[in-house]
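Tertiary structure, described
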Amino acid sequence: MAKKRGIWVFGDYRNYFQNRITLQLLSRARELAAKIDAEVCAVVFGHWTDEWVDDALSHNPTFCGVVGEYIAHGADKVYLTDHPRLAAYSMETYAVLMERLAKREKPEMILIGATAFGREFAPRVAKRLGTGLTADCIGLDINPEGLLVQMAPSFGGNLIAEILTPERRPQIATVRPGTFQEIPHDYVRTGKVVKVPLPKDLTADRVRLVRSERLPQREQKLEDAKVVVCGGRGLGSKKKFAKLSELAELLGGEVGATRPVVYADWIDHDALVGQAGKQIRPQILFSFGISGAIQHTAACNGAKFVIAVNKNPNAAMMKQADVAVVADASQVCTTLIQELKRRIR
Ligand SMILES: Cc1cc2nc3c(=O)[nH]c(=O)nc-3n(C[C@H](O)[C@H](O)[C@H](O)COP(=O)(O)OP(=O)(O)OC[C@H]3O[C@@H](n4cnc5c(N)ncnc54)[C@H](O)[C@@H]3O)c2cc1C
């Protein structure tokens, strides 16, 4: 029987409980696989990959930890290289491992999260395999010829290009976190684990990890937040912008920002929402002092309910909002905070 084509998902399991990108990709990979009768494979390089075992995962004791979780979320097979040398993520080593495995197994597609690591890792893998790469996709589908349709913003975000890789294999894409929704876990699902030994001839990394430090962790990821409080230049100053954090905290949400605000250093780049930043899909989006440029709004289309505050009733963001408040953004934010503090006990 002919071997099934593989749709591979790079298993980025760092900061696992908050970082859901791999699970989101597995979910979409399942839908794509159904269209071309392929199998979904997760590829995991690391060490202590079963470190994450806890009671919630012990339903499937054979495949626990990261492997069990990926199978429960849609992988039919997991390629696993677990070795002390892989304890810290290494661009060079991981690219070599992925190249060798892909040359051996010949996957049809490789999907990688467009995280800071994925954005550096994917082009190196593509170059080594002599194939194309579509970066920062916001959609994936299969066309009638069975090719991966890779949807990515282009021309400054004014167009969504549908990119194909008709000749080279594998078809490689990085996908923005938050683009797809993970499917609920199913710990009864079973899958196959293929243990891949670390090659003996790996050369030493040119880059050495001297020290790593975890940044203070957000409560949740912006792209997964149910409530996002987003601020733009219209807030007027860093001090006024900082009030958004207080509002977000009261609402159990996260703070997002536009590019001018990030460039002005009112908040770090992590909070950027838009073509160059995160894709969000909250239940409620607050938009304070934001004009509504396409490069920003393209990443907010998944928001269920939008409340915009702007001095200009004709701002594009106001036109898209479910509730449009014509007022000073900072004042509305302050009033909301006071009102919530009064009501929440
Ligand atoms: C290639 C490219 C990529 C880009 N990527 C991104 C991206 O990822 N994310 C992103 O956000 N942008 C991105 N941009 C920039 C984008 O085009 C816009 O310039 C940006 O989104 C505008 O941010 P803003 O709404 O905060 O500022 P502005 O456009 O300056 O809007 C400020 C708004 O605040 C209102 N306002 C002013 N004073 C007040 C007040 N006191 N109270 C209430 N409202 C007030 C104004 O009426 C106005 O509508 C990109 C641009 C390019 C070319």
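Residues numbered from 1 in each chain as written. Predicted model: local features only at pLDDT ≥ 70, side-chain atom pairs only at ≥ 80, totals over all residues.

All right, on to the environment of L251 then. Structurally, L251 can be placed in helix α5 (residues 238–251). Once the C-alpha coordinates of L251 and H83 are considered, the two residues, 168 residues apart in sequence, prove to be 43 Å apart. Once residues lying within four places of it in the same chain are set aside, the contact partners of L251 are V227 and V229. (Helix = DSSP H or I, 4+ residues; strand = E, 2+ residues; numbered from the N terminus. Contact = placed C-beta atoms within 7 Å.)

This part covers the environment of L23. Counting through the fold element by element, L23 comes out in helix α1 (residues 21–36). For the pair L23 and P184, spaced 161 residues apart in sequence, the C-alpha separation works out to 9.4 Å. Not counting residues up to four positions away in its chain, the partners in contact with L23 are H73 and E182.

All right, on to the sheet that holds strand β15 (residues 323–326) then. Strand order across the open sheet formed by five strands is β12-β11-β13-β14-β15, with parallel pairing between neighbours. Looking at strand neighbours, the two that pair on one side only are β12 (254–257) and β15, the edges of this open sheet. Strand-to-strand twist in this sheet, taken as the mean axis angle between neighbours without regard to direction, amounts to 20°. By the bridge criterion, five bridges tie strand β11 (residues 227–231) to strand β13 (residues 284–288) in an arrangement that is parallel. Counted as the bridge partner of G231 is F288 from β13. Docked against the sheet, α5 engages β11, β12 and β13, running at close to 170° with respect to β11. Contacts between helix α9 (residues 329–343) and the sheet are confined to β13, β14 (305–310) and β15, with β14 contributing the most and set at about 125° to the helix. (Pairing = 2+ DSSP bridges. Axes fitted to C-alpha atoms, helices over the stretch in contact; angles between N-to-C directions.)

Our next topic: the pairing of β13. The side chains of a regular strand alternate, first on one face of the sheet and then on the other. The buried count for β13 comes to four of five residues, which makes it a mostly enclosed element. As paired strands, β13 and β14 are joined by five bridges and run parallel to one another. Directly across from F288, in β14, lies its bridge partner V309. (Buried ≥ 20, exposed ≤ 12 C-beta atoms within 10 Å, placed from the backbone.)

Turning next to the site of the ligand. Taken together, 29 residues form the shell around the ligand, and within it G232, G234, T258, G274 and S291 come nearest. Of the residues that constitute the shell around the ligand, the class distribution is ten nonpolar, 15 polar and four charged. (Near = placed C-beta within 6 Å. Nonpolar A, V, L, I, M, F, W, Y, C, P; charged D, E, K, R; others polar.)

Further remarks concern the confidence of the model for the chain. Mean pLDDT over the chain: 89, with 91% of residues reaching 70 or higher. Here residues 52–61 scores under 50 on pLDDT; set against residues more than four positions off or in separate chains, the count is 15 contacts. (pLDDT = per-residue confidence, 0-100.)

The three strands lie next to each other as β6-β7-β8, forming an open sheet whose pairing is antiparallel. Both outer strands of the open sheet, β6 (139–142) and β8 (159–163), are each paired with one neighbouring strand and no more. The average angle at which neighbouring strand axes cross in this sheet is 30°, direction not considered. As defined by bridge partners, β6 adjoins strand β7 (residues 148–154) across four bridges and the pair is classed as antiparallel. When the sheet's bridge partners are listed, I142 is paired in β7 with L148.

To continue, consider the nonpolar core. Counting residues in hydrophobic clusters, the biggest one holds 53 residues, and the most contacted among them are V78 and L111. Residues L247, C300, A303 and A315 belong to the second largest nonpolar core, which totals 36 residues. (Core = buried A, V, L, I, M, F, W, Y, C linked by C-beta atoms within 7 Å.)

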